[in-house]
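The chain contents come next:
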Amino acid sequence: MIQEIKDMIYEFVYKYYIEPAELGTGYNIIQEITYGIILAVFLYLFYKALRRLNIKIDEKFAIPGIVFSVLIALIRALVDLGYIERSFLTITPGIIFLIGGFFILTILISAIIFKENYYKASAIIGAIPLIYFLSIFFKHIHHPEALLYVGILVGGVYFVIRFFDKKLNLNILSSKIDHYVIIGQLIDASSTTVGIGIYGYWEQHPIPRFLMEHFGVYAFIPFKILVILLALYILNREVEDENIRNIIKLCIMALGFAPGLRDLFRTVMGV
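Scoring rules and cut-offs
Residues numbered from 1 in each chain as written. Predicted model: local features only at pLDDT ≥ 70, side-chain atom pairs only at ≥ 80, totals over all residues. Heavy atoms only, no water. Patch = residues over 30% accessible without salt bridge, like charges linked within 9 Å, V, L, I, M, F, W, Y side chains within 5 Å. Areas by Shrake-Rupley, 256 points an atom, 1.4 Å probe, with all protein chains shown as cover. Salt bridge = Lys/Arg side-chain N within 4 Å of Asp/Glu carboxyl O. Lys, Arg positive; Asp, Glu negative; His and termini not counted. Charge placed at Lys NZ, Arg CZ, Asp CG, Glu CD. Helix = DSSP H or I, 4+ residues; strand = E, 2+ residues; numbered from the N terminus. Phe/Tyr/Trp six-rings, centres within 6.5 Å; stacked < 30°, edge-to-face > 60°. Buried < 20%, exposed > 50% of the residue type's maximum accessible area, 1.4 Å probe, protein only. Core = buried A, V, L, I, M, F, W, Y, C linked by side-chain atoms within 4.5 Å. Contact = heavy atoms within 4.5 Å.

A. Structural detail: a negative patch on the surface. Taken together, the side chains of E59, E238, E240, D241 and E242 present a region of like negative charge at the surface. Mapped onto the elements of the fold, D241 is located in the loop between helix 9 (220–238) and helix 10 (242–269).

Pasting the structure below:
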């Protein structure tokens, strides 16, 4: 009986977690829910540690977060290139646990040592490996025009969002972090759209894949932005604690920024 239960557990784990990673077949709903729960738990524990150290979660806190998000995206793209060996710790979700854990450690240790300048120390630590990997990336550029395509989409849609936010007095973009969230998610949506629509890539995540198959690749951008704007609207009005509100926003930013940049780096390198 015990052996049967062990076999069932192994088959479940292999089917929904190990096999998709081995075969590169993309993510499934079970994975998405599991990783979402794990992320929520780690986010809660990290938040508690930040509050004990009296770290305010604001625009300064976002700076090292952006640096480490770019680092995750770049390492993941270089794995696809073949420059870095593919393993659990160099693909999602392992790389998020690895680099994300490193980010958390730099924040907490820097806060203890450097106090209010913690964000500078953490950003510098993250920038060191980032500069090295960027030097590798620049040697493998094959489609530089992809940067222009994504840049035009991000800039154009961002301008429209800001215009209507002011024109209609929506006040959804009420802080710098709100702008970071929009830009991060726009990079994700635009990189995905350009990669699939122009360069023939495919979408790994089940929900975006479903939307693109039924409504077209370019419908993904307005759909995603509407969801993010609604999330920001609710957060700004329903969550009173600024620190909780901001850490949720920065998490949303990173969830778009990192995979979006990874897709963009891959496209530019022609991987």
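B. Quick peek at the packing of aromatic side chains. The tally for this structure, following the rule as stated, stands at 11 aromatic pairs. Centre to centre, the rings of F46 and F61 are 6.1 Å apart; their planes meet at 40 degrees, and the pair counts as tilted. One end of the pair, F46, is in helix 2 (residues 29–52); the other, F61, is in helix 3 (residues 59–81), and 15 residues separate them in sequence. Owing to a relative accessible area of 8%, F46 belongs among the buried residues under this scheme. Judged by its relative accessible area of 4%, F61 falls in the buried class. Seen from their ring centres, F137 and F138 are 5.6 Å apart, and the 55 degrees between their planes marks the pair as tilted.

C. Here's a closer look at the nonpolar core. Within the largest apolar cluster, 67 residues are counted, with the highest numbers of intra-cluster contacts made by L50, F61 and I182. Mapped onto this core, the elements with two or more residues apiece are helix 2, helix 3, helix 4 (94–114), helix 5 (118–138), helix 6 (145–167), helix 7 (176–197), helix 9 and helix 10. The greatest single-element share of this core, amounting to 13 residues, is contributed by helix 3.

D. A look at the side chain of R76. Mapped onto the elements of the fold, R76 is located in helix 3. Dropping the residues within four chain positions of it, R76 is found in contact with R86, T90, I91, T92, I95 and R262.

E. Inspection of unusual backbone geometry at higher detail. In the Ramachandran plot, N169 falls in the positive-phi region, its phi being about 55 degrees despite a non-glycine side chain. Counting through the fold element by element, N169 comes out in the loop between helix 6 and helix 7. When its relative accessible area of 59% is taken as the criterion, N169 is described as exposed. Despite not being glycine, N171 shows a phi value in the positive range, around 55 degrees. Considering the arrangement of structural elements, one finds N171 in the loop between helix 6 and helix 7.

The values reported here are purely geometric and, on their own, carry no functional implication.
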